[in-house]
Amino acid sequence: MWPLEALSEPQLRVFVVPHSHMDVGWLHTVQESMQVYVTDVYNSVVEALTLEKKRRFIVVEQEYFRLWWDGVTSDTQKGQVRQLVAEGRLEFVLGGQVMHDEAVTHFDDQILQLTEGHGFLYETFGVRPQFSWQVDPFGASSTTPTLFALAGFNAHVISRIDYNLKEAMQDTRELQFVWRGSRSLSAQQEIFTHVLDQFSYCSEGFNWDGEAIFPGTSPNDMYLQMQIPVTKDNIQIFTSFLVRNALTRATWFRTPHVLWPWGCDRQFFNASLQFANMDIIMEYINSEESELSLSVEYATLGDYFRAVHSDQVSWQVRDHRDFLPYSSDMHHAWTGFYASRSGLKGLARRASSLLYAGESMFTRYVLLAPHRFLDPAWGLQQLQQLRWAVSEVQHHDAITGTHVPRVGDMFVEHLSTGMEGVHKLMASIIQDRSPAHSGPEPGGHFAVVYNPLAWTVTTIITLTVGFPNVSITDESGHPVLAQVQPSKEMPSAYDLHVLTTIPGLSYRHYSIQPSRSSQEKTGEPEPFVAKTMQFGGRLRRSARQVGGSLVPVNNDCYIVFLDLDTNLMHSIWERQSNRKVYMTQQFMEYHTNSDVRKGPVSDNYVFTPSGAAEPAWEAVRMEIVEGPLVTEIRQYFHRKVNDSEPTFAIYSRLARSPQGSDGELLCHRIEQEYRVGPLELNREAILRTSTKLNTGRVLYSDNNGYQMQRRPYRDYKSNTIARNYYPMVQSAFIQSRHSRLVLLSEQAHGVSSQGNGQVEVMLHRRLWNNDEWALHDGLTLNDSSVVHPVLWLLLGSRALTSGLRQRSRLALQHRPVVMLRQLSEIVPRGSGSRWQEAVTLPSRVHLQILSIPGWKYSSNHTEHLRTLQKDRKHEPKADLRRVLLRLQHLYEVDQDPVLSRPVTVNLRSVLGGLGSVVSVEERSLTGTWDVNEMRRWTWSTRDPHHHRGPGSLVLIRPRVPSQTPALPLRPV
Ligand SMILES: [Zn+2]
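All of these numbers come straight from a predicted model, not from anything done at the bench. (Residues numbered from 1 in each chain as written. Predicted model: local features only at pLDDT ≥ 70, side-chain atom pairs only at ≥ 80, totals over all residues. Heavy atoms only, no water.)

Trainee: Help me understand the overall build of the protein, please; the structure alone is not making it clear to me.
Mentor: Helices and strands together make up the secondary structure of the protein, namely 20 helices and 44 strands. A compact globule built from 972 residues should have a C-alpha radius of gyration of about 30 Å, and the protein, at 29 Å, falls within 12% of that. Its C-alpha atoms give the protein principal-axis dimensions of roughly 100 × 70 × 55 Å. Counting all 972 residues of the protein, 62% fall into the buried class. Sequence separation of at least 24 residues holds for 78% of the intrachain contacts in the protein that already meet a minimum separation of 6. When the accessible area of the protein is evaluated, it comes to approximately 36,400 Å², of which 50% is carbon and sulfur surface. Here the protein carries 96 positive and 101 negative side-chain charges, and the mean point of each set is 6 Å from the other. (Helix = DSSP H or I, 4+ residues; strand = E, 2+ residues; numbered from the N terminus. Rg over C-alpha atoms; globule rule 2.2 N^0.38 Å. Buried < 20%, exposed > 50% of the residue type's maximum accessible area, 1.4 Å probe, protein only. Contact = heavy atoms within 4.5 Å. Areas by Shrake-Rupley, 256 points an atom, 1.4 Å probe, with all protein chains shown as cover. Lys, Arg positive; Asp, Glu negative; His and termini not counted. Charge placed at Lys NZ, Arg CZ, Asp CG, Glu CD.)

Written out as C-alpha cells, the structure reads:
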C-alpha cells in the first residue's frame, strides 16, 4: 500500500496507454468506418511506432484489425506488425472480434466472439491476449471475470459501473480488487479487476488529429475536438494539466502507478501527429522528473499491470455479485437498452441457435467420407460466415439496440446472409445422406427435424400448412401423432402440431401429404382437428368481481384456470405439489416524456418512465383451441374497444404427451408466445404477471444465461422504477417458501419485480424525443414493428423447478431445427441411409459446443512458432480433423444435493461415430493454449486460497485408434 501522507513518497509512474475506441457499428457501418478512419488508424499507428522505439499502442476490436490485415496491408506492413508484436509494443488486448455487451448477450455467444478473435491472433502471431479492455459496455456482468480467467487473462478492465458506487470506490481506493465471478469456481478462477476512474477511457485535451470526417460532417464538428499543436509557448498548459490530472488520479489507487488511457472514440487516424505532440510533452515532464516526483511513459496495458503486480499489495476480494444495472448519474438509468430493438435481439439469438445446430451437424455428418454433394471447404465457409455475423452483433452498440437504424440494417443483413448459408449447408448434408425413402406423392412436403441437443428430446414441432386434411408419416412409413388447427394469425393457413421424439444430435424424416378429401378415407389415421371455443370480448373497466366463472385447461402437470368474467388468467394448479397459485397476466405500458425541455427522456439507452405502468388495453377476447396433443389459449388484447386488430396477444400452450413417452419437460411448462405492437409513440410495453406468492419483492435473474443473481427491490432517491430493472437473457424467477415461478425467455428482455408477488418483462419500446444530439446523428428508437417474443412458464416447488430449469432453458434455446421442403426438390437415394449413433449425455451435462473450427496451426506451440518464422508463401489449410468440444456441468455448487455433484463423462458417448480419437488436449476456454502450459498470474489477497481449477475445453483429433478417456466435470 502506498500511504498518501508519507513524507518520502515513492516516485509516481504515469502509464500513458494509447488506444482508439472503434465501435463495430454505432453511428456508422463497418464499411464506412473502415473507409473513413479505421484503415488510417492502423496504417498510421504502425508507421509511428516503427519510427520511435518508445511508442506503444493497444489494439482491441479484431473484426476491424482482420479486415485491415487481410484486405489492406502490404508485406512490409505485415512484417512491421510482427516485429512490433514480438517486441511487446503493439499489444492485442481483449482480442475478441468486438468489445461485447455484458448485459444482454448470452455467454455462449461471448465465448464464440472471443474464440473467433483469439483463434486469428494465435494463428497469425502465436500470441494470446492476456488483458481485457471492457471499457464501454453499459454495466459489468460477473460472467465476464469467469470467462476471462478461463481464457487465460491476467487482469480485467471495466469502466461503466453505477456512478455512486464508483465515487465511493474512488474515495476508499477500492477500484482494484480480485473478483471471484463464480460461486462454484471461486478462488480457482479469480481475476484481478481494475475499474477505470471517473475519467474513464477518454483523455480530453490531448487529441491533435481532430474528428474523423464522415460524409456530412459539418466544418464545426471537424475541428471541435482538435487541439492546438504543442509549442514552446504553450507547453506549460499541457504539462501542468497532465501532471495535475495524474496526481488526482493517483489518490484513488493503492499503488504509485497511474493508468492514463490516451485516446477516445475514433482517434489516432493521424497517429504521427498525435505522437509528435505527446513526445514533446512527455520529454518536458520527464526532464523535470526530480522536481515533480513523477515520470511519464508510453505503455501497453501489460506494462501497467506488470508494474501493479510487482507491488505486493494484498487485494480485497469481491464475490460473485455483478455491476448491473448501470446509472451514469441520477437521471440516467441505463436499463432501457435491455429491451431496445427487440426484433434484432431475437434475430441475433435465432442466428446463434442455428449456428449451434449447424456446427454439430457438420461435425457429425461431414467427417464420414465420401460426400456426394458436399464440399467440406464450402461447408466450413458457410459456418465461418455465420460465426462472424453472430460475433459482430455481440458488440455493445449492436445487440443492445443503441445504434442508428441504418447500422441495424447492416447487422440484420449480415445475420440473414449467414443464416441462409447455414440453412443451405444443413440441407446439403441431409441431401447427402437421404435414406432410400419411399417418397410421398407430389404436392406434399418432406420435413427433416434435427435435434441439436445431446439428449433425447420429446417435444411438439409446429408446421404451417395450407390445408386441413393431411396425413403425416415418419421415416418407416408409420403414421405420427399430430393435430391440426386454424393458424392464429394467418386466416387461410393451418398449424400442424406434431409430436416427436428425437435422440441427441440426430434427425428424423417426416412426409406430409394432403389427403384427397375427408370422405375418401384411405384407412390411415389423420391428425385430429382441434375444436375452437370462442369467448366474447370483456371490457377492462366493467369487469365484475373475478373468480365467479372459471374454465379449466389442463395437462398432466397443470390446470390453468381462466376467468370468464375478465378473459384473463385466474390461477394455476400445480399437480405434483398439489398447490394452487393465484396468477394473472396483462399488458401494461410505461409512458415517457418526449420533450427534453420538460424533463428527462427515455431513449435507446436509458429508461425514464413518467410514472407507474398503466394497463394498455380496453378489451380482451379469448379463444380456446382444444385438441388431444395441445390446448392453446388465445387472448387478444385490444387497445381500444373498437380496434379491429389487437395490439397485444398471448398464445399459451399446454401439451399432453402420451403415456410412456419421455415428456417430463414438455409437460412441465406453459409455453407462451406474444404479439406486441405496433406500439404508440413513447410507450414501453411490459407483460406483468401478478401472483399471490409472498416474494418480498425479491427477483432472481440471470447473468448471460449463466448464473443467477439475487435482486432485492431497492428504493432510490430518483428513478426507482428504472433502477429496479435488470437484464434477463434467459431466466428469471420469483418464489415464496413453497412455490417458484420461473420465466424462461428465447431472447433478452428487461425484467423487474415492482410489487410483492409480481414479475414484469419489458417486451418492446417505441420512443422519439427532441434531443438535438440524437436527432443530429439519427439515433432514435421509433420502432413501429410487431414482435413475437416467447416465454415459457414453469411453476412448482423449489426442488422441482431447479431440476427442470436448466434443461428447459436449453430446450427453448435449442429447439429442433425443422427443414421443410417441397418433395420435388429432394434428390433422393444417394448413398443410402447412414445413420449416426445417437448421443446421450447425463442430464446434468450440456454439450456447449461440438464443432470443427478449421484451425490452421499445429496444437504444439513450439512447432507453431517455428512454422510462423518460416516463409509464409503457402496459405496453410484448415484442419478438418480437429474437433472442438466444450461440456458444461449445469449446476452450481450447493445448488442441489444430487444435481450439483461432480459427474464423469465418457467421451466415447459424445464422439462415437466420428472415427478414432488420436489425442485429447485440454485447452484454454478459447482454444488457443494448452491449459497445462497456461501460467496465469496470482494476486495476493486477504484470503490466500489458491489452486487452479479445471479447464472446460477438450480438443480431440479423430481417426487413429486409441483409448477414449473419461472426463471429470465439476460444477461451474
Ligand atoms: Zn463503444
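Now that the structure has been shown, the text picks up again.
Trainee: How do you make sense of the sheet that holds strand 6 (residues 191–195) when you look at a structure like this?
Mentor: Think of a sheet as strands paired side by side through backbone hydrogen bonds, with each pair either parallel or antiparallel. Spatial strand order, 4-6-5-9: four strands in an open sheet with mixed pairing. Edge positions in the open sheet fall to strand 4 (155–158) and strand 9 (317–318), since each of these has one partner strand only. Direction of pairing for strand 5 (residues 176–179) relative to strand 9: parallel, over a ladder of two bridges. From the neighbouring strand, Trp179 faces strand 9, where its bridge partner is Arg318. (Pairing = 2+ DSSP bridges.)

Trainee: Would you mind showing me how to read the state of the cysteines here?
Mentor: Two cysteines form a disulfide when their sulfur atoms are joined by a covalent bond. One pass over the full model with this rule turns up two disulfides. Each disulfide pairs two cysteine sulfurs, and for Cys202 the partner residue is Cys264, the sulfurs being separated by 1.8 Å. The sign of the 65 degrees torsion about the S-S bond sets the Cys202-Cys264 disulfide as right-handed. Placement of Cys202 in the loop between strand 6 and helix 7 (219–224) and of Cys264 in the loop between strand 7 (257–262) and helix 9 (271–287) is noted, with a sequence separation of 62 residues between them. (Disulfide = S-S within 2.5 Å.)

Trainee: Is there a simple way to think about the pairing of strand 17 (residues 507–514) in this case?
Mentor: Across a regular strand the side chains alternate sides, sitting on one face of the sheet and then on the other. Burial within strand 17 is extensive, with seven of its eight residues counted as buried. Alignment of strand 14 (residues 470–474) against strand 17, held across five bridges, turns out to be antiparallel. When the bridges of strand 17 are listed, Asp474 appears paired with Tyr510.

Trainee: Hey, could you run me through the coordination of the zinc ion in this one?
Mentor: For a metal with four tetrahedral donors the ideal donor-metal-donor angle is 109.5 degrees, whereas six octahedral donors ideally subtend 90 or 180 degrees. His21 (NE2), Asp23 (OD), Asp136 (OD) and His396 (NE2) make up the full set of protein donors to the zinc ion, lying at 2.1 Å. Geometry at the zinc ion is irregular, judged from the four donor atoms that bind it and their angles of 89 to 170 degrees at the metal. As a motif over one chain, the donors of the zinc ion read H-x1-D-x112-D-x259-H. With His21 in the loop between strand 1 (12–18) and helix 1 (30–51) and Asp136 in the loop between helix 4 (107–125) and helix 5 (143–150), this residue pair connects regions lying 115 residues apart in the sequence. (Donors = N, O, S within 2.8 Å, 3.2 Å for Na, K, Ca; no water. Tetrahedral: all angles 85-135°; square planar, octahedral: opposite > 155°, others 65-115°.)

Trainee: Help me out: how do you make sense of helix 18 (residues 798–813) in this one?
Mentor: A turn of α-helix holds 3.6 residues, and therefore any two residues three or four places apart point the same way. Spanning 16 residues, helix 18 covers 22 Å between terminal C-alpha atoms, matching the ideal 22 Å at 1.5 Å per step. The sharpest bend along helix 18 reaches about 40 degrees and sits at Arg805. (Expected span 1.5 Å × (residues − 1). Bend = angle between axes of the 7 residues up to and from the residue.)

Trainee: What is the right way to look at the environment of His194 in this model?
Mentor: With respect to the element layout, His194 can be found in strand 6. His194 sits 39 residues away from Ala155 along the chain, and the two C-alpha atoms are 7.6 Å apart. Discounting chain neighbours no more than four positions away, the residues touching His194 are His156, Val157, Ile158, Leu175, Gln176, Phe253, Leu259, Tyr304 and Phe305.

Trainee: Help me understand unusual backbone geometry, please; the structure alone is not making it clear to me.
Mentor: Among all residues except glycine, the phi angle is most often negative; among peptide bonds, the trans geometry is most common. Here the residue pair Leu324 and Pro325 is connected by a cis peptide bond, since its omega of -5 degrees sits within 30 degrees of zero. Mapped onto the fold, Pro325 is located in the loop between strand 9 and strand 10 (327–329). For the bond running from Gly677 to Pro678, omega is -10 degrees, close enough to zero to count as cis. Mapped onto the secondary structure, Pro678 falls in the loop between strand 28 (670–676) and strand 29 (683–691). Its identity is not glycine, yet Ser186 carries a phi of approximately 45 degrees, on the positive side. Counting through the fold element by element, Ser186 comes out in the loop between strand 5 and strand 6.

Trainee: Got a minute to help me understand the pattern of salt bridges in this structure?
Mentor: Two side chains bearing opposite charge may form a pair once their charged atoms approach each other closely. According to the stated counting rule, one finds 39 salt bridges in the structure shown. Residues joined by salt bridges that share partners form a network here, namely Lys488, Arg621, Glu623, Glu632, Arg634, Arg653 and Glu673. (Salt bridge = Lys/Arg side-chain N within 4 Å of Asp/Glu carboxyl O.)

The values reported here are purely geometric and, on their own, carry no functional implication.
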